[in-house]
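The primary structure of each chain is shown beneath.
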Amino acid sequence: MTEGIKSHYEVVVIGAGVAGIYQIKRLADLGVDALVLDAAPDLGGTWYWNRYPGARFDSESYTYGYSFSKELLNEWHWKERFSAQPENLRYLNYVTDKFGLRKYMRFNCKVEAADFDEAQDLWRLRLGDGRELTCRFVILAVGLLSIPTLPRLEGMDSFKGRSFHTFYWPHEPVELAGKKVAIIGTGATAIQVIGEIADKVGELTVFQRRPNWSAPLNNSPISNEEMADIRARYDEIFATCTRTPGGFEHEPDRRGFWEVTREERVALWDKLYDEPGFGIWLSNFREIFTDEVANAEFSAYIADRIRRRVKDPVTAEKLIPKDHGFGVQRVPMETNYFEAYNRDNVHLVDISETPLERVTETGLRTSARDYDFDIIIYSTGFDAITGAFDSIDITGAGGAKLFDKWRDGPSTFLGMMVHGFPNLLMPTGPQSGSASTNFPRGIENGVGWCMGLLGYMWDRGYTRAEATAEAQARWTAHVTKMYAIMLMRKAKSWFTGYNSNIPGHEHGKTRYLVYNGGTPKYVAAITDVAAKGYEGVVFDAEERVEARASAAR
Ligand SMILES: Cc1cc2nc3c(=O)[nH]c(=O)nc-3n(C[C@H](O)[C@H](O)[C@H](O)COP(=O)(O)OP(=O)(O)OC[C@H]3O[C@@H](n4cnc5c(N)ncnc54)[C@H](O)[C@@H]3O)c2cc1C
């Protein structure tokens, strides 16, 4: 036994974010000998790490929170419709403390390697500091947006000012007043940061390679009366989330795009543009996801909205995406983003025209000129979906490496198990129902299914579960097939595994990373597998169970 960590547990959960916290709650409820390990100094995952100004939900706060405890739902008052990072982190700490879960968690514990011991049906884990432990089951709650990526630029270490990735935004306040600030990237995070800091910095220069579509978040405070109303409607709210494809309150408009007049379409879009949250994306006509012409008409509508908000027509055109349509990747929601470009202190540099060449001691160099900065913010995204899995050296049965198996993209059973890697569960893995939906709704479904499987095994004395190769091939083919009808298959986005900053993830090779069938179909699929005695999963051979039982007698 090493300090604070025993040498063996029945279950080790890796990750103490929204998923890991709920996972350990369910295990603790059953009295299972379980531990949570996280590389971070404290719990919260996404909401521990991303402390940049403007970091907040694009899910309605009250649909993001856990649904499992009526008491919790009645106690917690969400202060904003789209709550910001400090409040979100407070919430996760509140939940952890309320249910006494902190005692199961160990921090500053990065899991470097996991090896499956076939003789004993258990996992051997190695931590970053060399400590080792074993467990029967490993549950990877490592997050789908938890490994930040930096651009591959020369001279990054030579910069004499301050620079950081948004994921590692410092804990202490960063003095921005009067400072010359660069931000590289215009993805979801940059869009939040830019809108928030444009009026707080001296000069802000945005380095954009490709613009993203974006629409207003329309955030607002939640009063005591509104919160009382939300509490009274929680059952109804979560029932809606269960019914909708995205796990949100936003339901698709079931009228056919082509069955209504252009005026009716525009009337819907005018209404949605002024409403809070993802409605503009998810309460839209379903054809915008699958029909190029419908998508082009809607994209042109949003482009006009951008032109109306950005005063300089040249800048406006640069902010309008030309290489993909609206909604074919997760849509960043914005607050004052486009208005930021109307300020004299905000400048847009199009690095598709004048590429970034290097970081210098005093700033950045493009092919056109040198720029001086006090602070460089890298808002360059994540090694999304598979990054955290790839960064653990996972060796399954017969010495197979998960990294090698997934080199060209993941292949899973239900997004939660991998053939050749017994007793390894991923409640929110690649190809599961989480990433394309309101995450916590997917997380609760995934954790619930994993608990069902574990209960099934514990009841029967099984010590080994593995997805069959056939079941995995079937699921992966199903996930792949669904991409074929979606316009998103062509997008350079984290839904297709594109990231020019990661070798092997350049454009051209689609990775089938997310399940696009929506929440109801996903839940139906995983429920059906469970109802059929976990069809597609093989458990220990009966002789082995019997032999163990007689040895114990
Ligand atoms: C800025 C931002 C805003 C977002 N907003 C929304 C939103 O509004 N709605 C929504 O649905 N989703 C949103 N998401 C997605 C978000 O990631 C999920 O909502 C949710 O927080 C995921 O929880 P998780 O527990 O699965 O993963 P995470 O919160 O990412 O937690 C994973 C944890 O695993 C740890 N870990 C990883 N690898 C290891 C290892 N090898 N050893 C030890 N520990 C490890 C990490 O340190 C981390 O703490 C947002 C993401 C970001 C980055």
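Structure shown above.
All values reported here derive from a predicted model rather than from experimental measurement. Along each chain, residues carry numbers from 1 onward, in the same order as the chain's sequence is written. Local features in this predicted model are restricted to residues whose pLDDT is 70 or higher, and side-chain atom pairs enter the listing and the counts only when it is 80 or higher, whereas totals over whole chains, interfaces and linings include all residues. The basis for the side-chain values is all heavy atoms of the structure; hydrogens and waters are excluded.

The next subject is the overall build of the chain. Helix and strand assignments follow DSSP, with helices taken as H or I runs no shorter than four residues and strands as E runs no shorter than two, numbered in order from the N terminus. Looking only at helices and strands, the chain features 18 helices and 20 strands. Each principal axis of the C-alpha distribution contributes one length, and for the chain these read about 80 × 60 × 50 Å. Across the 553 residues that make up the chain, the buried fraction comes to 58%. The contacts in the chain between residues at least 6 apart in sequence include a share of 72% that link residues at least 24 apart. Only the protein chains shown count as cover for residues, with accessible areas throughout obtained via the Shrake-Rupley method and a probe of 1.4 Å. Accessible surface for the chain amounts to roughly 22,300 Å². Of this, 51% is attributable to carbon and sulfur atoms. Of the side-chain charges in the chain, 65 are positive and 75 negative, and the distance between the mean point of each set is 1 Å. Note on classification: 1.4 Å probe, protein chains only; a residue is buried when its accessible area is under 20% of the maximum for its type, exposed when over 50%, partly exposed between these limits. Contacts are assigned to residue pairs with any non-hydrogen atoms lying within 4.5 Å of each other. Positive charges are assigned to Lys and Arg, negative charges to Asp and Glu, while His and the chain termini are left out of the count. Charge positions are represented by NZ for Lys, CZ for Arg, CG for Asp and CD for Glu.

So, about the packing of aromatic side chains. When the centres of two rings from Phe, Tyr and Trp lie within 6.5 Å, Trp using its six-membered ring, the rings pair. Their planes under 30 degrees apart give stacked, over 60 give edge-to-face, and anything left gives tilted. By the definition in use, this model includes 50 aromatic pairs. Summarising the aromatic geometry, the rings of Trp 76 and Tyr 91 are spaced 5.2 Å apart at their centres and angled 65° between planes, so their arrangement reads as edge-to-face. Of this pair, Trp 76 sits in the loop between α4 (70–75) and α5 (85–98) while Tyr 91 sits in helix α5, placing them 15 residues apart in sequence. Pairwise contacts between aromatic rings join Tyr 22, Trp 47, Phe 57, Tyr 64, Tyr 66, Phe 68, Trp 76, Trp 78, Tyr 91, Tyr 94 and Phe 99 into one cluster. In this structure, Lys 6 packs its charged tip against the face of Tyr 9, placed 4.8 Å from the ring centre. Positioned above the aromatic ring of Phe 99, the side-chain terminus of Lys 98 is 5.6 Å from the ring centre. Definition used: whenever NZ (Lys) or CZ (Arg) falls within 6 Å of the ring centre and also within 35 degrees of the ring normal, the charge is taken to sit over that ring.

All right, on to the sheet that holds strand β16 (residues 375–378) then. Here, a strand pair is defined by DSSP locating no fewer than two bridges between the strands. One open sheet accounts for 5 strands, arranged β7-β16-β8-β9-β12; its pairing is parallel. Since the sheet does not close on itself, it has two edges, and those belong to β7 (162–165) and β12 (346–350), each with one partner. Within this sheet the neighbouring strands show an average axis-to-axis angle of 15°, counted without direction. Two elements, strand β8 (residues 180–184) and strand β9 (residues 203–208), share 5 bridges in a ladder whose sense is parallel. For Lys 180, the partnering residue across the bridge sits in β9 and is Glu 203. The axes used here are C-alpha line fits, helices contributing only the stretch in contact, and every angle between their N-to-C directions lies in the interval 0 to 180 degrees.

Take the site of the ligand next. For the ligand, the set of nearby residues contains 33 residues, the closest of which are Asp 38, Asp 58, Ser 59, Tyr 64 and Phe 439. Distance and chemistry together define a polar contact, namely a pair of N or O atoms within 3.5 Å, with one atom able to donate a hydrogen and the other to accept it when in protein, and with adjacent residues in sequence counting only for side-chain atoms on both sides. In this structure, an oxygen atom belonging to the ligand sits 3.0 Å away from a main-chain N or O atom of Val 18. Asp 38 places a side-chain nitrogen or oxygen 2.7 Å from an oxygen atom of the ligand. Against a free-state accessible area of 980 Å², the protein chains account for coverage of 96% of the ligand. Looking at the shell around the ligand, its residues break down into 20 nonpolar, 9 polar and 4 charged. When at least one non-hydrogen atom of a residue lies within 4 Å of a molecule or strand, that residue is treated as near it. Lys, Arg, Asp and Glu make up the charged group, whereas Ala, Val, Leu, Ile, Met, Phe, Trp, Tyr, Cys and Pro make up the nonpolar group; the residues left over, Gly among them, are polar.

The next thing to look at is the packing of helix α1 (residues 18–29) against helix α15 (residues 439–460). Relative to each other, α1 and α15 sit at 35°, their axes nearing to 10 Å. Considering only the axes of α1 and α15, their crossing is right-handed. On the side of α1, the interface is formed by Val 18, Ala 19, Tyr 22, Gln 23, Arg 26 and Leu 27, while α15 contributes Pro 440, Ile 443, Glu 444, Val 447, Gly 448, Cys 450, Met 451, Leu 454 and Trp 458. Residue classes in the contact of α1 with α15 are distributed as 11 nonpolar, 2 polar and 2 charged. Throughout, a crossing is termed right-handed when the near helix is turned clockwise from the far one, and left-handed when it is turned anticlockwise from it by less than a right angle.

By the criterion of burial, helix α6 (residues 188–197) is predominantly enclosed, with 8 of the 10 residues buried. Within α6, burial applies to Thr 189, Ala 190, Ile 191, Gln 192, Val 193, Ile 194, Gly 195 and Ile 197.

The strand order across the open sheet formed by 3 strands is β13-β14-β15, and the pairing between neighbours is antiparallel. At either margin of the open sheet sits one strand with a lone partner, and together these are β13 (356–359) and β15 (370–372). Across the sheet, the mean angle separating the axes of adjacent strands is 20° when strand polarity is ignored. By the bridge criterion, 3 bridges tie strand β14 (residues 363–366) to β15 in an arrangement that is antiparallel. Bridging from a neighbouring strand, Leu 364 pairs with Tyr 371 of β15.

With that settled, consider unusual backbone geometry. A positive phi angle, close to 55°, is found at Asp 121, a residue other than glycine. With respect to the secondary-structure elements, Asp 121 resides in the loop between β4 (111–117) and β5 (122–127). Unusually for a residue other than glycine, Ile 385 sits at a positive phi of about 70°. By the element assignment, Ile 385 lies in the loop between β16 and α13 (387–390). Residue classification places Ile 385 among the buried residues on the basis of a relative accessible area of 0%.

Definition of nonpolar core: a set of buried residues of the types Ala, Val, Leu, Ile, Met, Phe, Trp, Tyr and Cys, connected through side-chain atoms within 4.5 Å. Leu 37, Trp 123, Leu 140, Leu 204 and Trp 449 are the most contacted members of the largest nonpolar core, which totals 165 residues. Ranked by residues supplied to this core, first place goes to α15 with 10 residues. Contacts of Leu 140, omitting those with residues within four sequence positions, involve Ile 14, Phe 389, Ile 392, Ile 394, Leu 424, Leu 425, Met 426 and Pro 427.

Before going further, it helps to examine the pattern of salt bridges. Salt bridge, as applied in this entry: a Lys or Arg side-chain nitrogen positioned within 4 Å of an Asp or Glu carboxyl oxygen. Within this structure, the stated rule accounts for 40 salt bridges. Here Arg 255 and Asp 253 are joined by a salt bridge, their closest N and O atoms 3.0 Å apart. For Arg 255, a relative accessible area of 32% puts it in the partly exposed group. A salt bridge links Lys 318 to Asp 350; the shortest N-O distance between them is 3.5 Å. Taken together, the residues Lys 318 in helix α11 (residues 313–318) and Asp 350 in strand β12 connect sequence positions 32 residues apart.

Looking now at the pairing of β9. Within β9, 5 of the 6 residues are buried, which leaves it mostly tucked inside the rest of the structure. For the segment spanning β8, α6 and β9, crossover handedness is right-handed. Relative to β12, β9 is paired through 5 bridges, and the arrangement is parallel. Residue Phe 207 lies in a different strand from β12, and its bridge partner there is Val 349. By definition, the crossover connecting two strands over a helix is right-handed if that path, from the first strand to the second, turns clockwise as seen with the strands pointing away from the viewer.

A word on the side chain of Thr 186. Its place among the elements puts Thr 186 in the loop between β8 and α6. A polar contact is formed between the side chain of Thr 186 and the backbone oxygen of Arg 210, at a distance of 3.1 Å. When near neighbours in sequence (up to four residues on either side) are disregarded, Thr 186 contacts Ile 191, Val 206, Gln 208, Arg 210, Pro 211, Asn 212, Tyr 337 and Tyr 341.

A few words now on the environment of Arg 124. Position of Arg 124 among the secondary structure elements: in strand β5. A relative accessible area of 38% places Arg 124 in the partly exposed class. Separated by 409 residues in the primary sequence, Arg 124 and Gly 533 have C-alpha atoms spaced 28 Å apart. Not counting residues up to four positions away in its chain, the partners in contact with Arg 124 are Ala 113, Ala 114, Asp 115, Asp 117, Leu 133 and Thr 134.

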